[in-house]
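Architecture and fold: a report
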Amino acid sequence: MDFDDTPEEAAIRLDARRFLDAHAARRPVDDSSHLAAHRPNTIEADRRHRLEAADWQQTKLAGGWGAPAWPVEQGGRGLGPHLAAIFAEEERDYDVRARYFQVGLEMVGPTLLAHGSAPQLERFLQPLLRGDEMWCQLFSEPGAGSDLAGLATRAVRDGDEYVISGQKVWTTAAHLAEFGILLARTDPDVPKHRGISAFLVDMSTQGIDVRPLRQIDGAVHFSEVFFDEVRVGADALVGGLNAGWGVALTMLNFERSAIGGGGMIEWPQIVNLARDHGVVVSAVGRDRTGAPKSGADAGVVTARQDLARLWSRLEILRFLGYRVRTAITRGEPLGPESSVMKLAVSGFYEDVGNVLMSLQGADGMLWGDADPNGGVYTGIFLAQWAPRIGGGTDQVQRNIIGERVLGLPPEARPDKAAPFKDLPRS
Ligand SMILES: Cc1cc2nc3c(=O)[nH]c(=O)nc-3n(C[C@H](O)[C@H](O)[C@H](O)COP(=O)(O)OP(=O)(O)OC[C@H]3O[C@@H](n4cnc5c(N)ncnc54)[C@H](O)[C@@H]3O)c2cc1C
């Protein structure tokens, strides 16, 4: 495992820091106010933040950092994924809106570069790079999430067009996106993985109904999207007829690399909250002013143990990150270690969410303006289910580790070879 930057990595980090220092404000490492600022809970705020994100994307583009992993001829920097990730690592320390275009820049763009036709690249890549057009991923359905290949939205050829009908759900940013990349069934007579095609869809097309879903924390992150005989041109097909599963795997691979990047919370913010609630973390028996304490009570001892565990988890995540990065630097394919990493990330968010609530005591029940922390920490508790479900659930990651690392017998998959139309469906 390599812990230090290679000379090439160090040079890129220096370049990235110079650019960021010149164009953005560094945020204090233990300041948690940005966490609240980055959690919009109204669609209007989301729209406003999207415009700010587009401004920042254009600043990055002008400085050559618009999409570091894309090829130079498409406006990128031509860096390998491990080198491109250095910019994102540094960007996290600055007060900028960095992740609004993640689906487009890190998932759709690279997928189009792998499977798109020349006219599709010509039409879509530059607006995406400039932050002019936002994209969403129209894969999951009410009956197809973990078993994505069981999707039932259908696309039927009619002359020069395809007619799409069905329903998607969980579609991140569908209420903001101009375009979506959609999976639909184009041949029900063959086994499920082989009868799927991918389409590029203009979200303003007649027959598309986007219904935002409000989450438990009040935010609107995703929508359900209904397709009622939506007509798209045959040139919307990407990767070829019935070749959509390959397109989906490419995109899901890029999604997996994108997940685990950004952190919802960092160690200094956790420690600050503990200090604010009277848990001594710097010296046993002393309070935050340094004055001696009469004796640690049981609650303080438990909280300290919680903090020690969270610190250990964060360190483990750091080392798992090094392992993934070392594999990528050496050009080794990423295998089940990405599942191990994803489980470690989601396990951390489950743990930290619960500890943040217990540190706050009764204050954890406060929300919004009533909460002196603006609902940030309670929001992190409520948001823990996003990483535990999105991008493949914890249980599915455990299946992958069980099969590919521990060598356990694979799950029975009787539906793999039968034609889709013969499969029992709810
Ligand atoms: C924050 C977030 C953002 C998302 N964004 C998008 C998006 O932009 N576009 C998109 O298309 N989708 C998106 N998704 C959907 C996501 O990919 C699915 O939620 C996920 O794949 C799980 O599918 P499901 O919700 O249908 O659950 P199901 O697959 O129905 O699973 C239900 C439960 O059964 C368990 N389970 C299922 N199969 C197995 C098995 N074989 N073995 C053991 N347990 C199993 C699961 O672990 C889970 O606990 C998003 C989800 C989240 C949480």
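Residues numbered from 1 in each chain as written. Predicted model: local features only at pLDDT ≥ 70, side-chain atom pairs only at ≥ 80, totals over all residues. Heavy atoms only, no water.

**Describing the packing of helix H5 (residues 102–115) against helix H6 (residues 118–130)**
Look at H5 against H6: their axes get within 11 Å of each other, and the N-to-C directions meet at 160 degrees. On the basis of their axis angle, the class for H5 and H6 is roughly antiparallel. The crossing of H5 and H6 is left-handed. Listed contacts from H6 to Gly104, Leu105, Val108, Gly109, Leu112 and Leu113 of H5 are Leu121, Phe124, Leu125, Leu128 and Leu129. Classifying every residue of the contact of H5 with H6 gives 9 nonpolar, 2 polar and no charged. (Axes fitted to C-alpha atoms, helices over the stretch in contact; angles between N-to-C directions. Helix = DSSP H or I, 4+ residues; strand = E, 2+ residues; numbered from the N terminus. Parallel < 35°, antiparallel > 145°, perpendicular 65-115°, else oblique. Left-handed = near helix turned anticlockwise from the far one by under 90°. Contact = heavy atoms within 4.5 Å. Nonpolar A, V, L, I, M, F, W, Y, C, P; charged D, E, K, R; others polar.)

**Considering the nonpolar core**
Counting 36 residues, the largest nonpolar core has Val108, Leu112, Trp135, Phe139, Ile181 and Leu183 as the members making the most contacts within it. Counting residues domain by domain, this core receives three or more from each of domain 1 (7–100) and domain 2 (135–257). If we skip the residues at most four places from it in the chain, Trp135 touches Val103, Gly104, Val108, Phe124, Leu128, Ala177, Phe179, Gly180, Ile181 and Leu200. If you look at the next biggest cluster of nonpolar residues, it comprises 24 residues, including Ala274, Leu307, Phe348 and Val352. (Core = buried A, V, L, I, M, F, W, Y, C linked by side-chain atoms within 4.5 Å. Buried < 20%, exposed > 50% of the residue type's maximum accessible area, 1.4 Å probe, protein only. Domains from an automatic or database assignment.)

**Let's talk about the site of the ligand**
Around the ligand, 17 residues are found, and the nearest of them are Gln137, Ser140, Ser146, Thr172 and Thr393. One of the backbone nitrogen or oxygen atoms of Ser140 is found 2.7 Å away from an oxygen atom of the ligand. Thr393 places a polar side-chain atom, nitrogen or oxygen, 2.6 Å from an oxygen atom of the ligand. Where the shell around the ligand is concerned, the elements lending two or more residues are strand E3 (161–172), helix H12 (385–389) and helix H13 (394–404). (Near = heavy atom within 4 Å. Polar contact = N/O pair within 3.5 Å; in protein donor to acceptor, adjacent residues only side chain to side chain.)

**Notes on the pattern of salt bridges**
Applying the stated criterion across every chain, the model contains 23 salt bridges. Residues Arg231 and Glu161 are paired through a salt bridge, measuring 2.7 Å at the closest nitrogen-oxygen approach. Within this pair, whereas Arg231 is found in strand E7 (residues 222–233), its partner Glu161 is found in strand E3, the two being separated by 70 residues in sequence. Taking the relative accessible area as the measure of exposure, Glu161 reaches 29% and is therefore partly exposed. With a closest N to O distance of 2.9 Å, Arg211 and Asp209 form a salt bridge. The exposure class of Arg211 is partly exposed, given its relative accessible area of 39%. On the basis of relative accessible area, Asp209 is assigned to the partly exposed category, the value being 32%. Salt bridges linked by common partners bring Asp5, Arg13, Arg17, Glu89 and Glu90 together as one network. (Salt bridge = Lys/Arg side-chain N within 4 Å of Asp/Glu carboxyl O.)

**Focus on unusual backbone geometry**
If a residue is not glycine, its phi is most likely negative; likewise, a peptide bond is most likely trans. Phi is positive for Ala173, close to 65 degrees, though the residue is something other than glycine. Examined against the element boundaries, Ala173 turns out to sit in the loop between E3 and strand E4 (179–185). Judged by relative accessible area, which is 10%, Ala173 ranks as buried. Its identity as a non-glycine residue notwithstanding, Glu229 has a phi of 50 degrees, on the positive side. Along the chain, Glu229 falls in strand E7. Judged by its relative accessible area of 56%, Glu229 is exposed.

**Notes on the packing of aromatic side chains**
Taken as a whole, this structure holds 10 aromatic pairs when the rule is applied. Centroid distance Phe19 to Phe87: 6.1 Å. Interplanar angle 50 degrees. Geometry classified as tilted. Pair noted here: Phe19 is in helix H1 (residues 7–23) and Phe87 is in helix H4 (residues 81–91), with a separation of 68 residues, a long-range link. Both residues of the pair, Phe19 and Phe87, count as buried. Both rings, one in Trp135 and one in Phe179, keep their centres 5.3 Å apart while their planes meet at 25 degrees; by these two values the pair is stacked. (Phe/Tyr/Trp six-rings, centres within 6.5 Å; stacked < 30°, edge-to-face > 60°.)

**Thoughts on the UniProt feature "domain: Acyl-CoA oxidase/dehydrogenase middle" (unreviewed entry) in the protein**
The residues that UniProt annotates with the feature "domain: Acyl-CoA oxidase/dehydrogenase middle" (unreviewed entry) are residues 136–230. With 0% helix and 52% strand, residues 136–230 has its two end C-alpha atoms placed 17 Å apart. (UniProt positions renumbered as here; feature names shortened; annotations may be inferred.)

**So, the domain arrangement of the protein**
One widely used convention gives an interface's size as the accessible area the parts lose upon coming together. We note that the domain assignment places domain 1 (7–100), domain 2 (135–257) and domain 3 (259–404) within the protein. Taken over C-alpha atoms, the centre of domain 2 sits 34 Å from the centre of domain 3. On the side of domain 3, 8 residues touch domain 2, which itself brings 7 residues to the contact. Taken as a group, Asp217, Glu255 and Arg256 account for 57% of the area that domain 2 buries against domain 3, more than any other trio of residues on that side. The tally of links from domain 2 across to domain 3 stands at 0 salt bridges. Viewed at the interface, domain 3 and domain 2 are joined by 0 residue pairs in polar contact (both at pLDDT 80 or more). Take the side of domain 2 that touches domain 3: its biggest share by element is 3 residues, from helix H7 (residues 244–258). For the side of domain 2 that touches domain 3, the residue count by class is 2 nonpolar, 2 polar and 3 charged. (Buried area = accessible area lost by both parts, 1.4 Å probe.)

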